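Topology and contacts: notes
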Amino acid sequence: MNVRCSYCSHTFTLSREYMAQAVAGAAEKRQKYHAMECINCRKLIKVSVSQMRRYVPEPESPAGEEG
Ligand SMILES: [Zn+2]
C-alpha cells in the first residue's frame, strides 16, 4: 500500500507484514489511525487503519466498525 507523507509529500510503500502488525496494534487500542514515522522527514504521520485492512487478511472481524 502506498502512503503519502503530508509534510514532505514523500510517497512510500508499506509491506503487508508491517500493515498486519499495525492493524493488529490499532485494533487492540481501538484506534482508527496508525501513527508512523515518515521514512524521509521522520515526522509522525497517520495512516488510516481501515485502509490498511483491505490489504491484510483479517483473522476475525470485530462487531461495529464505525465506533
Ligand atoms: Zn515526510
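Please refer to the structure higher up on the page.
Residues numbered from 1 in each chain as written. Predicted model: local features only at pLDDT ≥ 70, side-chain atom pairs only at ≥ 80, totals over all residues.

**Concerning the overall build of the chain**
Note the threshold: Labels follow the DSSP assignment, with helices taken as runs of H or I lasting at least four residues and strands as runs of E lasting at least two, numbered in each case from the N terminus. The burial label depends on the number of other C-beta atoms within 10 Å of a residue's C-beta. Counts of 20 or more mean buried, 12 or fewer mean exposed, and intermediate counts mean partly exposed, with C-beta atoms placed from the backbone. Remark: residues whose backbone-derived C-beta atoms lie within 7 Å of one another are considered to be in contact.
Broken down by element type, the chain carries two helices and four strands. What you see in the chain, going N to C, is helices and strands ordered as β-β-α-β-β-α. Burial statistics for the chain: of 67 residues in total, 12% are counted as buried. Taking the contacts inside the chain whose residues are at least 6 apart along the sequence as the reference set, 55% of them involve residues at least 24 apart.

**Notes on the pairing of strand S4 (residues 44–48)**
What counts here: Strands qualify as paired when DSSP identifies two bridges or more between them.
As paired elements, strand S3 (residues 33–37) and S4 share five bridges and run antiparallel to each other. Looking at the pairing, Glu 37 lines up with Leu 44 of S4. Here S3 folds back onto S4, and the loop between the two strands holds six residues, one of which, Arg 42, carries a positive phi near 70 degrees.

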